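Observations on the three-dimensional arrangement
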Amino acid sequence: MKTALITHADCLGHVTPDGHPERVARLQHILHALEPLDLNRVTAPMAAEDDILRIHPADYLHDIRAARPTDGFKQIDGDTFMSPGSVDAAFRAAGAVVRAVDMVLGGEAPNAFCAIRPPGHHAETSTAMGFCLFGNAALAAKHALDHHGLNRVAVVDFDVHHGNGTQDLLWDEARALVITSQQMPLWPGSGRVDEDGAHGQILNIPLAPGSGSAEMRAAYEGQAFPRLRAFQPELLIISAGFDAHQDDPLANLNWSTGDFAWITSALCSLARELCDGRIVSTLEGGYDLNALSAATKAHVEELMKAAT
Ligand SMILES: [Zn+2]
């Protein structure tokens, strides 16, 4: 079986103002880079309203819908904008991760990558922020737990920014292990090691500005992988942000494209050992178009190798 690539053209309909880093061209570059790969290409459905309500309250969903402009842009946070197509894009992004979980748990795909935007890991329970509207990774976890009846799901977030939204949405969820590495200090400022969840099930891994492969590999081998082994997840969800890349303009870590292949390969090995290889990966950040598309391709190629 092939790795599933789940996306939808509606995700290109979420438009941001000129000069905004989270732009349509990101997804265009990724899709172009993935074009030659032999993937199971799947059209993302719209998430159902009930899917969104697994993680966000009804009044938040109402506010997001109400904020949709009929033309131009609506700014809903210091750096988060909506265009007329943003609500549909957000529902496709959420629908993609739900479909990915259904496929991987249903035996239709060994693993899946959701090429989506807007990203999700900064969206908190009732607060859109950091280019994010709905918490896609947390939704994937909740869908696997509540709809499919799993008992243990792990989320690994290697985006350079702290996955504050995922942490917030899963803070009380004892069935979800959340591991998030981030440059610190860096926006949004959270992600200290003492932020460990209501059940001690959140592991924050701060990384120093300027650090690179060696520090990242030591942190994952020393902290993240043992926690994953101890937790024994039945599904692994990856918040795949590629802005820890050395060429990224928004942060100062020095990961190479090869580091993204390394971490993906390591997570695939762990998933094979722990949960039949089941991985759902979803796109978060990454703002240098060439670095983003190369690192995403390296990530998906490792998922493909693990699928054979
Ligand atoms: Zn990021």
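One structure accompanies this document, and this report is about it. Keep in mind that what you see is a predicted model, and the values were worked out from it rather than measured. Think of each chain on its own: its residues are numbered from 1, step by step along the sequence as written. Per-residue local features are limited, in this predicted model, to residues with pLDDT of at least 70; the limit for side-chain atom pairs, both in listing and counting, is 80 or more; totals at the level of whole chains, interfaces and linings are taken over all residues. Processing note: side-chain calculations cover all non-hydrogen atoms of the structure and skip hydrogens and water entirely.

**Notes on the coordination of the zinc ion**
Ideal coordination angles are 109.5 degrees for a metal with four donors arranged tetrahedrally and 90 or 180 degrees for a metal with six donors arranged octahedrally. Any nitrogen, oxygen or sulfur atom within 2.8 Å of a metal ion counts as a donor, with the limit raised to 3.2 Å for Na, K and Ca, and since water is left out, coordination shells can look unfinished. The zinc ion binds to the protein through Asp-159 (OD), Asp-159 (OD), His-161 (ND1) and Asp-243 (OD), with metal-donor distances spanning 2.0 to 2.8 Å. Think of it this way: with four donors and all angles in the 85 to 135 degree range, the site is tetrahedral; with four or six donors, opposite ones beyond 155 degrees and the rest between 65 and 115, it is square planar or octahedral; otherwise it is irregular. One way to put it: the four donor atoms around the zinc ion meet at angles of 52 to 156 degrees, and that makes the site irregular. Residue Asp-159 is classed as buried on the basis of its relative accessible area of 1%. Burial classes follow relative accessibility: with a 1.4 Å probe on protein chains only, a residue under 20% of its type's maximum area counts as buried, one over 50% as exposed, and anything between as partly exposed.

**A few points about the pattern of salt bridges**
Salt bridges are counted wherever a side-chain nitrogen of Lys or Arg sits within 4 Å of a carboxyl oxygen of Asp or Glu. Counting across every chain of the model gives 15 salt bridges. Put simply, Lys-142, Asp-146, Glu-173 and Arg-175 are held in one network by salt bridges that share partners.

**Examining the pairing of strand E7 (residues 176-183)**
Think of it this way: any DSSP run of H or I at least four residues long counts as a helix, any run of E at least two long counts as a strand, and we number them from the N terminus. Across the eight residues that make up E7, a large majority, eight, are buried. Covered by surrounding structure in E7 are Ala-176, Val-178, Thr-180 and Gln-182 together with Leu-177, Ile-179, Ser-181 and Gln-183, the residues of both alternating faces. Relative to E7, strand E6 (residues 153-157) runs parallel, the two sharing five bridges. When the bridges of E7 are listed, Val-156 appears paired with Ile-179. Think of it like this: strands point away, you trace from the first strand over the helix to the second, and a clockwise trace means the crossover is right-handed. Taking the sense of rotation as the criterion, the β-α-β connection linking E6, helix H6 (residues 164-169) and E7 turns out right-handed. DSSP calls a pair of strands paired once it identifies at least 2 bridges connecting them. As defined by bridge partners, E7 adjoins strand E8 (residues 202-207) across six bridges and the pair is classed as parallel. Bridging from a neighbouring strand, Val-178 pairs with Ile-202 of E8.

**Thoughts on the packing of helix H1 (residues 24-34) against helix H9 (residues 289-307)**
Helix axes are fitted only over the stretch in contact, all axes being lines through C-alpha atoms; the angle between N-to-C directions runs from 0 to 180 degrees. The geometry of H1 relative to H9 is characterised by a closest axis approach of 9 Å and an angle of 45 degrees between their N-to-C directions. Regarding the angle of H1 to H9, the classification is oblique. Like other packed secondary-structure pairs, H1 and H9 cross with a definite hand, here right-handed. Facing Ala-25, Arg-26, His-29, Ile-30, Ala-33 and Leu-34 of H1, the residues of H9 in contact are Leu-289, Leu-292, Ser-293, Thr-296, Lys-297 and Val-300. Under the scheme applied here, ten amino acids are nonpolar (Ala, Val, Leu, Ile, Met, Phe, Trp, Tyr, Cys and Pro), four are charged (Asp, Glu, Lys and Arg), and all others, including Gly, are polar. Looking at the contact of H1 with H9 residue by residue, the classes come out as seven nonpolar, three polar and two charged. Angle categories are assigned with fixed cut-offs, so that under 35 degrees is roughly parallel, over 145 is roughly antiparallel, 65 to 115 is roughly perpendicular, and the rest are oblique. In this scheme the handedness of a crossing depends on how the near helix is turned from the far one: anticlockwise by less than a right angle means left-handed, clockwise means right-handed. Residue contacts follow a heavy-atom distance rule, with two residues in contact if any of their heavy atoms lie within 4.5 Å.

**As for unusual backbone geometry**
Here the residue pair Met-184 and Pro-185 is connected by a cis peptide bond, since its omega of 5 degrees sits within 30 degrees of zero. Tracing the backbone through its elements, the reader meets Pro-185 in the loop between E7 and E8. The backbone of Asp-276 shows a phi angle near 60 degrees, a positive value even though the residue is not glycine. For Asp-276, the location among the structural elements is in the loop between helix H8 (257-275) and strand E10 (279-283).

**Quick notes on the pairing of strand E5 (residues 111-114)**
Within a regular beta strand, the side chains point alternately toward one face of the sheet and then the other, so they alternate between its two faces. Residue alternation in E5 divides its side chains into two sets, Asn-111 and Phe-113 and Ala-112 and Cys-114, and both sets are buried. Where E5 meets E10, four bridges bridge the pair, whose relative direction is parallel. Residue pairing across strands places Asn-111 opposite Ile-279, the latter belonging to E10.

**Here we look at the side chain of His-299**
Secondary-structure assignment places His-299 in helix H9. Contact partners of His-299, with chain neighbours within four places excluded, come to Phe-113, Phe-158, Ile-238, Ala-240, Phe-242, Thr-264 and Ser-281.

**Structural notes on the packing of aromatic side chains**
Pairing of aromatic rings covers Phe, Tyr and the six-membered ring of Trp, with a centre-to-centre limit of 6.5 Å; geometry is then stacked below 30 degrees between planes, edge-to-face above 60, and tilted otherwise. Considering all chains together, one arrives at nine aromatic pairs under this definition. Between the aromatic rings of Tyr-220 and Phe-225, the centroid separation amounts to 5.9 Å while the plane-to-plane angle is 50 degrees, which identifies the pairing as tilted. Comparing Tyr-220 with Phe-225, the two get one shared label, buried.

**Brief notes about the sheet that holds E7**
Strand order across the open sheet formed by eight strands is E2-E1-E5-E10-E9-E6-E7-E8, with parallel pairing between neighbours. Two strands in the sheet have a free side with no partner beyond their single neighbour: strand E2 (40-43) and E8. Put simply, the sheet's adjacent strands are angled 15 degrees from each other on average, direction ignored. Looking at chain direction, strand E1 (residues 4-7) and E2 are connected through four bridges and run parallel. Looking across to E2, one finds that Ile-6 is bridged to Val-42.

**A few points about the packing of helix H7 (residues 213-231) against H8**
Put simply, H7 and H8 touch, their axes get as near as 12 Å, and they point 15 degrees apart. Comparing the axis directions of H7 and H8 gives the class roughly parallel. The two elements H7 and H8 meet at a crossing, and its hand is right-handed. Here H7 contributes Ser-213, Met-216, Arg-217, Tyr-220, Glu-221, Phe-225, Leu-228 and Arg-229 to the contact with H8, which in turn contributes Gly-258, Asp-259, Trp-262, Ile-263, Ala-266, Leu-267, Leu-270, Glu-273 and Leu-274.

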